[in-house]
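Observations on chain architecture
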Amino acid sequence: MADSLEFRNTTRFIPGTVGDPGQRVFFLQIGDEVDTVTVKLEKQQVRALAQFLRTVLDDLPSPTRQAGSNEFRPPVEADWVVGQIAVGVDEAEAKVVLVIDELIPDVDGDDEFEIELQEHFGFEESSGSQVRAHVSVDLAATFIASSEELMAGGRPPCSLCGQPLDPEGHACPRLN
């Protein structure tokens, strides 16, 4: 069953990880004083959202307090997996509006395996959970700073190809 939540007074908008570099799972916690949703997403989604928010904040008033006061709270279980994220701006309130949609499996009913998944897990083709959050400039700046810190805490990149280096070694495609 799909849930739809709207946080008009968002107090929590923070990325986080569980696991060691190379094995990390990325999460986003978003909510208000009453409720919090934790969703799983990809590292690239965190990076892209932070980069995009940086450009959006250029057109909004500067943060009034220092970013970084919002802390990720592990351990976590994701409520669902993020499919797509849309970003808008409420200029009247100087807030960023995020619409985060759940990833919905492609179940078209033609494949026997997909039919079993639909029957067993109850997937609905066109519905999924959604979170809409009105995020202050302060929280958006906190998200950006936290995201940059998470990216810096990952595996260092190979100087030749840019792919992450593993402690066990790296099969660099540039050395072929």
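In this report, we go over the structure that sits alongside the text. Computed from a predicted model, the values in this text were never measured in an experiment. (Residues numbered from 1 in each chain as written. Predicted model: local features only at pLDDT ≥ 70, side-chain atom pairs only at ≥ 80, totals over all residues. Heavy atoms only, no water.)

**A short note on the side chain of Asp-90**
- Mapping Asp-90 onto the fold places it in strand S5 (residues 80-90).
- One buried charge, Asp-90, has no salt-bridge partner; the nearest side chain with opposite charge is Arg-8, at 5.1 Å.
- Apart from the residues lying within four places of it in its own chain, the contact partners of Asp-90 are Lys-95 and Val-97. (Helix = DSSP H or I, 4+ residues; strand = E, 2+ residues; numbered from the N terminus. Buried < 20%, exposed > 50% of the residue type's maximum accessible area, 1.4 Å probe, protein only. Lys, Arg positive; Asp, Glu negative; His and termini not counted. Salt bridge = Lys/Arg side-chain N within 4 Å of Asp/Glu carboxyl O. Contact = heavy atoms within 4.5 Å.)

**Considering the state of the cysteines**
- Scanning the entire structure with this criterion turns up zero disulfides.
- Lacking any disulfide linkage, Cys-172 is separated from the closest cysteine sulfur, that of Cys-158, by 3.8 Å.
- With relative accessibility at 7%, the residue Cys-172 sits in the buried group. (Disulfide = S-S within 2.5 Å.)

**Section: the packing of aromatic side chains**
- Under the criterion given, the structure shown has two aromatic pairs.
- Here Phe-13 and Phe-143 contribute two aromatic rings whose centre-to-centre distance is 4.5 Å and whose plane-to-plane angle is 15 degrees, an arrangement assigned as stacked. Here Phe-143 lies in helix H3 (residues 137-152) and Phe-13 lies in strand S2 (residues 12-18), a separation of 130 residues in the sequence.
- The exposure class of Phe-13 is buried, given its relative accessible area of 0%.
- A ring pair is formed by Phe-27 and Phe-72, whose centres lie 6.4 Å apart and whose planes are at 25 degrees; its orientation type is stacked. One end of the pair, Phe-27, is in strand S3 (residues 25-31); the other, Phe-72, is in the loop between helix H1 (43-57) and S5, with 45 residues separating them in the sequence. Judged on exposure class, the residue Phe-27 and its partner Phe-72 are both buried. (Phe/Tyr/Trp six-rings, centres within 6.5 Å; stacked < 30°, edge-to-face > 60°.)

**Here's the deal with the sheet that holds strand S1 (residues 4-7)**
- Read across the sheet, seven strands follow the order S1-S7-S6-S5-S4-S3-S2 without closing on themselves; strand pairing throughout is mixed. Across the chains shown, the open sheet's two edge strands, defined by having one partner strand only, are S1 and S2. Strand-to-strand twist across the sheet, computed as the mean angle between neighbouring axes with direction ignored, equals 25 degrees.
- In this sheet, strand S7 (residues 130-136) lies alongside S1 in parallel orientation, the contact comprising four bridges. Across the sheet, residue Ser-4 finds its bridge partner in S7, namely Gln-130.
- Of the strands in this sheet, S2, S3, strand S4 (36-41), S5 and strand S6 (95-102) are in contact with H1, which crosses S5 at around 5 degrees. (Pairing = 2+ DSSP bridges. Axes fitted to C-alpha atoms, helices over the stretch in contact; angles between N-to-C directions.)

**Remarks on the side chain of Lys-95**
- Relative to the helices and strands, Lys-95 resides in strand S6.
- Buried charged residue Lys-95 carries no salt bridge. Nearest counter-charge: Glu-93, at 4.0 Å.
- At 3.4 Å, the side chain of Lys-95 forms a polar contact with the backbone oxygen of Arg-8.
- Excluding residues that lie within four positions of it along the chain, Lys-95 makes contacts with Arg-8, Asn-9, Leu-60, Gly-88, Val-89, Asp-90, His-134, Val-135 and Ser-136. (Polar contact = N/O pair within 3.5 Å; in protein donor to acceptor, adjacent residues only side chain to side chain.)

**Here we look at H3**
- With 16 residues, H3 should reach 22 Å at 1.5 Å per residue; the first-to-last C-alpha distance of 23 Å fits that figure.
- Burial analysis of H3 places 12 of its 16 residues in the buried class, the great majority of the element.
- For H3, the secondary structure elements touched by its buried residues are S2, S3, H1 and S7. (Expected span 1.5 Å × (residues − 1).)

**A closer look at H1**
- An ideal rise of 1.5 Å per residue puts 21 Å on 15 residues; H1 measures up with 21 Å between its terminal C-alpha atoms.
- Of all the positions in H1, only Val-46, Leu-49, Ala-50, Leu-53, Val-56 and Leu-57 are classed as buried. Buried residues along H1 cover an arc of 125 degrees about the axis, so they all sit on one side. Looking at H1, the residues exposed on the side facing more than 90 degrees away from the buried face are Gln-44 and Gln-51.
- Of the surrounding elements, those touching the buried residues of H1 are S2, S3, S4, S5, S6 and H3. (Arc of directions from axis to C-beta.)

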